[in-house]
Amino acid sequence: MKRARLALLISGRGSNMAAILAAAGADYPALPVLVLSNRADAAGLAVAAARGVPTAVVESRAFKGDRAGFEAAMEAELAKHGVEIIALAGFMRVLTPGFVRRWEGRLLNIHPSLLPAFPGLDTHARALAAGVRLHGCTVHLVTAGVDEGPILAQAAVPVLPDDTQASLAARVLAEEHKLYPAALSWLAAGRVRLEAGRAVITAADSARDSLLNPLPRAALLSTQ
Ligand code: GAR
């Protein structure tokens, strides 16, 4: 099996990155060849290094206002490692339309909400404030509009009456760690195509796999 050469872009903790690295055994269709951070203090860098994955830092702060320069430096790292697909994993910089266009169809993101609800930041606080009963996460292809691209997969979680931002974030994050490795594997295996701007996954079981909805029956009953 030819494995797609994968870069993971991080800015911090890197728990989604770690979930993908853990899933990326010999039979996984993507081969992690680079973990790239825009911050030297990202905790995920050490996690990647401990797994033997090459790491690089392109400090966004060093390129104040010069997004083209920042992205050119990132492109140089990506080229050096022969990267074919990119997964944004808690990468907190908005990429320019030019970068996104160059990587179109090969650039994935995970976002901590059920898009198109709650694009942007502070998704868990906003979900609590809105009083939604279901929240979750989305893996999508990146397009020029922030948090807007074609959706590959979503996982829903309940919002429980006593939830705090932290408890809700933790419930969503556990689903992120399952959803992202799965959705990324479809892209790497060439199973994603676009139809009228929507992502279609080729495989008989895709309808089941691209929707995780872990209904906690016991939790719901206990609130009655
Ligand atoms: C994750 O919850 C991810 O969905 C979110 O940042 C967190 C990173 O955690 N991404 C965004 O908000 C992107 N707009 P991690 O570093 O432990 O993977």
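The structure this text deals with has already been given above.
For clarity, every value in this text was computed on a predicted model and none was experimentally measured.

Draft legend 1. Structural detail: the overall build of the protein. Looking only at helices and strands, one finds 8 helices and 10 strands in the protein. Its C-alpha atoms give the protein a radius of gyration of 17 Å, within 12% of the compact-globule value 17 Å for 224 residues. For the protein, the spread of C-alpha atoms along the principal axes amounts to about 55 × 40 × 40 Å. Taken over 224 residues, the protein has a buried fraction of 47%. Excluding contacts between residues fewer than 6 apart, the proportion of contacts in the protein whose partners are at least 24 apart in sequence is 62%. Total accessible area computed for the protein in this model is approximately 10,800 Å², and 57% of it derives from carbon and sulfur atoms.

Draft legend 2. Local environment of helix α3 (residues 67–80). Taking 1.5 Å per residue as the helical rise, α3 with its 14 residues ought to reach 20 Å, and the 20 Å between its terminal C-alpha atoms agrees with that figure. Those residues of α3 not exposed but buried are Gly-69, Phe-70, Glu-71, Met-74, Glu-75, Glu-77 and Leu-78. Residues of α3 that are buried make contact with β1 (4–10), β2 (30–37), β3 (55–57), β4 (85–88) and α4 (97–102). Backbone geometry just downstream of α3 places Gly-82 in the positive-phi region, at approximately 60°.

Draft legend 3. Examining the site of the ligand more closely. Taken together, Arg-13, Gly-14, Ser-15, Asn-16, Gly-90, Met-92, Ile-110, His-111, Pro-112, Leu-173 and Glu-176 make up the full set of residues adjacent to the ligand. Between Gly-14 and the ligand, the recorded distance is 2.8 Å, taken from a backbone N or O atom to an oxygen atom. In this structure, an oxygen atom belonging to the ligand sits 2.7 Å away from a side-chain N or O atom of Glu-176. Here the ligand loses 86% of its free accessible area of 450 Å² to cover by the protein chains. Put simply, the parts of the chain that give the shell around the ligand at least two residues each are α1 (15–23), β5 (107–111) and α6 (165–188). Classifying every residue of the shell around the ligand gives 4 nonpolar, 5 polar and 2 charged.

Draft legend 4. Representation of the side chain of Asp-147 in the model. Among the structural elements, Asp-147 can be located in the loop between β6 (134–141) and β7 (151–158). We note that Asp-147 is buried and unpaired, the nearest opposite charge coming from Arg-126 at a distance of 7.1 Å. A polar contact of 2.8 Å, which involves the side chain of Asp-147, links it to the backbone nitrogen of Gly-120. Ignoring sequence-local partners within four residues, the contact set of Asp-147 consists of Asn-109, His-111, Leu-115, Pro-119, Gly-120 and His-140.

About the thresholds
Along each chain, numbering runs from 1 in the same order as the chain's sequence is written. Two thresholds apply to this predicted model, a pLDDT of at least 70 for residue-level local features and 80 or more for giving and counting side-chain atom pairs, whereas whole-chain, interface and lining totals are computed over all residues. No hydrogens and no water enter the side-chain calculation; it runs on all heavy atoms of the structure. Only DSSP runs of H or I reaching four residues or more are called helices, and only runs of E reaching two or more are called strands; each is numbered from the N terminus. Atoms counted for the radius of gyration: C-alpha only. Globule rule: 2.2 Å times residue count to the power 0.38. Remark: exposure states derive from per-residue accessible area (1.4 Å probe, protein chains only) relative to the maximum for the residue type, with buried under 20%, exposed over 50%, and partly exposed in between. Should any heavy atoms of two residues lie within 4.5 Å, those residues are considered in contact. Residue burial considers only the protein chains on display, and all accessible areas are found by Shrake-Rupley using a 1.4 Å probe. To estimate how far a helix should extend, the number of its residues minus one is multiplied by 1.5 Å. Definition of nearness: a residue and a molecule or strand are near each other if at least one heavy atom of the residue lies within 4 Å of the molecule or strand. Identification of polar contacts relies on pairs of N or O atoms within 3.5 Å, with a donor-acceptor requirement for protein atoms, meaning one able to donate a hydrogen and the other able to accept it, and with residues adjacent in sequence counted only if both atoms are side-chain atoms. Throughout this entry, Asp, Glu, Lys and Arg are counted as charged residues, while Ala, Val, Leu, Ile, Met, Phe, Trp, Tyr, Cys and Pro are counted as nonpolar. The remaining residues, Gly among them, count as polar. Neither His nor the chain termini are counted; the positive set is Lys and Arg, and the negative set is Asp and Glu. Note on definitions: salt bridges are taken to be side-chain nitrogens of Lys or Arg within 4 Å of carboxyl oxygens of Asp or Glu.

None of the figures reported here should be taken as evidence of function without further support.
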